[in-house]
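For reference, the chains in residue letters:
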Amino acid sequence: MRVSKKSVHRSATSKAKRSIDIAGALVGLVIAAAVAVPVAVAMFLESPGPLLYSQTRCGLRGRRFQNLEISIDGGGCRQTQTFSYQRS
């Protein structure tokens, strides 16, 4: 039995492509952080309760795991001024 060796395109192993991918990912993280940090601070200052909460969920084959989520309403039902557009 012969197993054929599939040829891999040279762009898949290119160091330049890998460098561009990593640089693009870093730029994306910086842009996302520039938006996420001020939003998190505003939520923390205006919303009552914790910003993050943990929840136990059931996964594959009944395996339990902890899920960390952002609490949009801060654990309460009070509408905040900054995020009033989210609830309509």
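Residues numbered from 1 in each chain as written. Predicted model: local features only at pLDDT ≥ 70, side-chain atom pairs only at ≥ 80, totals over all residues. Heavy atoms only, no water.

### Section: the overall build of the chain
No. 1: When you go through the chain residue by residue, the secondary structure sums to one helix and two strands.
No. 2: Going from the N terminus to the C terminus, the chain shows its helices and strands as α-β-β.
No. 3: When contacts within the chain are restricted to residue pairs at least 6 apart in sequence, long-range pairs at least 24 apart make up 35% of them.
No. 4: As presented, the chain carries roughly 7900 Å² of accessible surface, and 62% of it is formed by carbon and sulfur atoms. (Helix = DSSP H or I, 4+ residues; strand = E, 2+ residues; numbered from the N terminus. Contact = heavy atoms within 4.5 Å. Areas by Shrake-Rupley, 256 points an atom, 1.4 Å probe, with all protein chains shown as cover.)

### Concerning the pairing of strand E1 (residues 52–58)
No. 1: Bridge count between E1 and strand E2 (residues 64–70): seven bridges; the pairing is antiparallel. Within E2, the residue paired with serine 54 across the bridge is leucine 68.
No. 2: Here E1 folds back onto E2 in antiparallel fashion, the turn holding five residues, of which arginine 61 has a positive phi close to 60°. (Pairing = 2+ DSSP bridges.)

### A few points about unusual backbone geometry
No. 1: Positive phi is not limited to glycine here, since arginine 61 has a value of about 60°.
No. 2: Along the chain, arginine 61 turns up in the loop between E1 and E2.

### What to know about helix H1 (residues 15–46)
No. 1: The end-to-end C-alpha distance of H1 is 46 Å, a good match for the 46 Å that 32 residues give at a rise of 1.5 Å each.
No. 2: Taking the backbone nitrogen of alanine 16 as reference, a side-chain oxygen 3.3 Å away marks serine 14 as the first, capping residue of H1. (Expected span 1.5 Å × (residues − 1). Polar contact = N/O pair within 3.5 Å; in protein donor to acceptor, adjacent residues only side chain to side chain.)

### Considering the pattern of salt bridges
No. 1: Here the structure, examined in full by the defined rule, presents two salt bridges.
No. 2: Between glutamate 69 and arginine 57 there is a salt bridge, and its shortest N-O distance comes to 2.6 Å. Taken together, the residues span a long stretch of sequence, with glutamate 69 in strand E2 and arginine 57 in strand E1 at a distance of twelve residues. (Salt bridge = Lys/Arg side-chain N within 4 Å of Asp/Glu carboxyl O.)

### Here's the deal with the confidence of the model for the chain
No. 1: Averaged over every residue, the pLDDT of the chain is 78; the share at 70 or more is 75%.
No. 2: Within the chain, E2 has the poorest average pLDDT of any element, 85, and H1 the best, 90. (pLDDT = per-residue confidence, 0-100.)

### Some remarks on the side chain of glutamate 69
No. 1: Overall, the relative accessible area of 18% leaves glutamate 69 in the buried class.
No. 2: At a separation of 2.6 Å, a polar atom in the side chain of glutamate 69 contacts the side chain of arginine 57.
No. 3: Excluding residues within four positions of it along the chain, glutamate 69 makes contact with Leu51, Leu52, Tyr53, Gln55 and Arg57. (Buried < 20%, exposed > 50% of the residue type's maximum accessible area, 1.4 Å probe, protein only.)

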